Amino acid sequence: MNFDLSDEQKAWKKAVHDFAEKELRPKAREVDETESFNWEAFRKAGPLGLTGMSIPEEYGGSDVDMISNVIAFEELGWGCGSTALAFTAHNGLGTSPLALYGSDELKQQWLPLVASGQNKLAALALTEPGAGSDIQGGVTTRAEKDGDQWIINGAKMWNTNASIAEYIITLVRSDAQGGSKSLSMILVPTNSKGLTIHPAEKKMGLRGSPTHAVTYDNVRVPLGNLIGAEGRGLQQTLSTLDAGRISIGAIALGLARGAMEAAVQYAKERRAFNQTLADMQVTQFKFANMEMEIELARTYLYKAAWLKDQKRPYSKEAAIAKLFATEMAERVIYDAIQIHGGYGYSREYPVERMYRDARLMTIGEGTSEIQRLVIARHVLNN
C-alpha cells in the first residue's frame with residue numbers, strides 16, 4: 001500500500017482545507033450556539049464537488065475516491081463538526097445507496113438535484129425508537145404494495161438532515177415473513193403526504209446538524225422508488241455503513257487535529273511558574289501522545305479507504321479505523337481541555353465545543369461496542 005497522495009489529491013486537500021478555513025471555522029461557534037445549519041457553506045460547497053462525492057459525474061457529482069473522501073472529511077471536521085456531519089450524512093448515507101443501487105430513472109430524477117448544493121440535502125432513515133443497533137431484527141416500519149404504490153407506516157429516530165432534505169431513503173420491512181431478505185430501501189420525498197418530521201432533537205453536541213424523529217402514516221410513494229432489488233435492504237445498509245464508518249472516523253480525526261492545534265497555540269502563549277506551558281515536560285508528553293494517535297488514526301483510515309478503492313474487502317478495517325479514530329479523538333480533545341485548564345471548560349475556547357462534538361462519533365454509524373463485535377466476528381470466523 002502506498003499512501004503518497006497524488007497531485008490531484010493534494011490539490012483536493014488544499015481546496016477543501018481552504019474552504020473549511022474560510023466557510024466553516026469562522027461560523028462553527030455560531031452554528032453550535034444557534035443550532036442552525038450552515039446553508040451558505042452548503043451552497044458554496046456544490047461547485048467544489050463536496051455535495052456530490054458519492055455521485056457519478058453523469059449525474060452531476062464529483063465521484064471522488066475513498067481516500068479523497070477521508071481527506072475531505074478530516075478537513076471538514078477540522079473546520080466544524082456539525083457541518084461535517086451533515087455533509088457526510090448527505091454524501092455517504094443519503095446519496096450513496098441511490099447512486100450504487102437505484103434505477104437509472106430514480107438517479108436521473110434525484111441525484112442532480114441534491115448534487116448541486118443549490119437545493120436541499122439527502123438523508124437515510126435506519127434506526128427506530130425501540131431498536132438502536134439491531135438493524136436486522138429491530139425494523140418495524142412496514143411497506144406494503146397497493147397497486148402501483150408502496151404504503152409505508154412506522155417511525156424512525158436519529159435521522160440526520162431530515163428537515164433539510166429533499167428525500168429520505170427509508171429502510172422498511174417489505175416482507176412480513178421476516179428474515180434477512182425481508183428488508184428494502186425506499187426513497188421517500190420529504191413533501192410526501194403522511195410524512196411527519198418532528199422538531200430537531202436537543203443534543204449535547206453537533207448542534208448545527210439537525211437530527212429528527214420521523215413518522216410515516218400511510219405514506220404513499222411509487223413502486224419505482226424502491227432502491228435496488230426488493231429484499232436487499234439489509235445488505236445495502238451494511239455496505240453503506242462500512243463506507244460511512246470511514247467518513248465518521250475522518251471527521252473525528254479532524255476534530256482531534258483542530259483541538260491539538262488550539263492546545264499548541266494556547267500552550268505557547270500561556271505562562272505559569274515562570275515558563276510557558278509548552279516548556280513543561282508534562283505538556284510536551286501530552287502533545288507527543290496526541291501527535292502519535294492522530295498519525296496512527298489517519299494511517300489506518302487511509303488503509304481502510306485504500307482497500308475500498310481497490311474493491312477489496314474492508315469491513316473489518318472500516319470498523320477498526322472508526323473505532324480507533326473516534327476513541328482517539330475523545331482522548332486527544334480531553335487532553336487539549338486539560339492543557340487549557342479552566343478555560344478549556346468555557347465556551348470562549350473551541351475545545352469545549354469540539355469535545356461535545358466528538359462524543360457522538362463513538363455512537364453514530366455503529367457504537368464502539370458494535371465495532372468491536374464486527375472486528376471480533378472477523379477474527380473468529382477467519
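Keep in mind that what you see is a predicted model, and the values were worked out from it rather than measured. (Residues numbered from 1 in each chain as written. Predicted model: local features only at pLDDT ≥ 70, side-chain atom pairs only at ≥ 80, totals over all residues. Heavy atoms only, no water.)

### Observations concerning the environment of Ala 115
Now for step 1: Among the structural elements, Ala 115 can be located in helix α6 (residues 104–115).
Now for step 2: Residue Ala 115 is classed as buried on the basis of its relative accessible area of 3%.
Now for step 3: Spatially, the C-alpha atom of Ala 115 lies 29 Å from that of Glu 317, the residues being 202 residues apart in sequence. (Helix = DSSP H or I, 4+ residues; strand = E, 2+ residues; numbered from the N terminus. Buried < 20%, exposed > 50% of the residue type's maximum accessible area, 1.4 Å probe, protein only.)

### With respect to the layout of surface pockets
Now for step 1: As a volume, the largest pocket reaches approximately 1,200 Å³.
Now for step 2: Counting residues per element, the ones that place at least two in the lining of the largest pocket are α5 (81–101), β1 (121–125), α7 (135–138), β3 (149–160), α8 (233–269), α11 (350–359) and α12 (368–380).
Now for step 3: Broken down by element, the lining of the largest pocket gets its largest block of residues, six residues, from α8.
Now for step 4: Residue classes in the lining of the largest pocket are distributed as 20 nonpolar, 14 polar and eight charged.
Now for step 5: What lines the second largest pocket is a set of 22 residues, and nearest its centre among them are Asp 63, Val 64, Met 66, Leu 100 and Lys 308. (1 Å grid on protein atoms, 1.4 Å probe; cavity = no way out; pocket = protein on both sides within 12 Å on 5 of 7 lines; lining within 4 Å. Points joined across faces, edges and corners; volume = space filled by probe spheres on them. Nonpolar A, V, L, I, M, F, W, Y, C, P; charged D, E, K, R; others polar.)

### Things to note about the packing of helix α4 (residues 66–79) against α5
Now for step 1: Interaxial distance between α4 and α5 falls to 6 Å at its minimum, and their mutual angle equals 150°. Along the contact surface, α4 presents Phe 73, Leu 76 and Gly 77, while α5 presents Gly 81, Ala 84, Phe 87, Thr 88 and Asn 91.
Now for step 2: Its residues assigned to classes, the contact of α4 with α5 shows four nonpolar, four polar and no charged. (Axes fitted to C-alpha atoms, helices over the stretch in contact; angles between N-to-C directions. Contact = heavy atoms within 4.5 Å.)

### Description of the nonpolar core
Now for step 1: If you look at the biggest cluster of nonpolar residues, it comprises 72 residues, and the most contacted ones within it are Leu 50, Leu 76, Phe 87, Ile 246 and Ile 339.
Now for step 2: With 15 residues, α8 is the single largest residue contributor to this core.
Now for step 3: For Ile 339, the residues in contact, after removing those within four places along its chain, are Ala 263, Tyr 266, Ala 267, Leu 277, Thr 283, Lys 286, Phe 287 and Met 290.
Now for step 4: In terms of nonpolar packing, the next biggest core, distinct from the first, is built from 25 residues, Leu 93, Ala 115, Leu 126 and Ile 169 among them. (Core = buried A, V, L, I, M, F, W, Y, C linked by side-chain atoms within 4.5 Å.)

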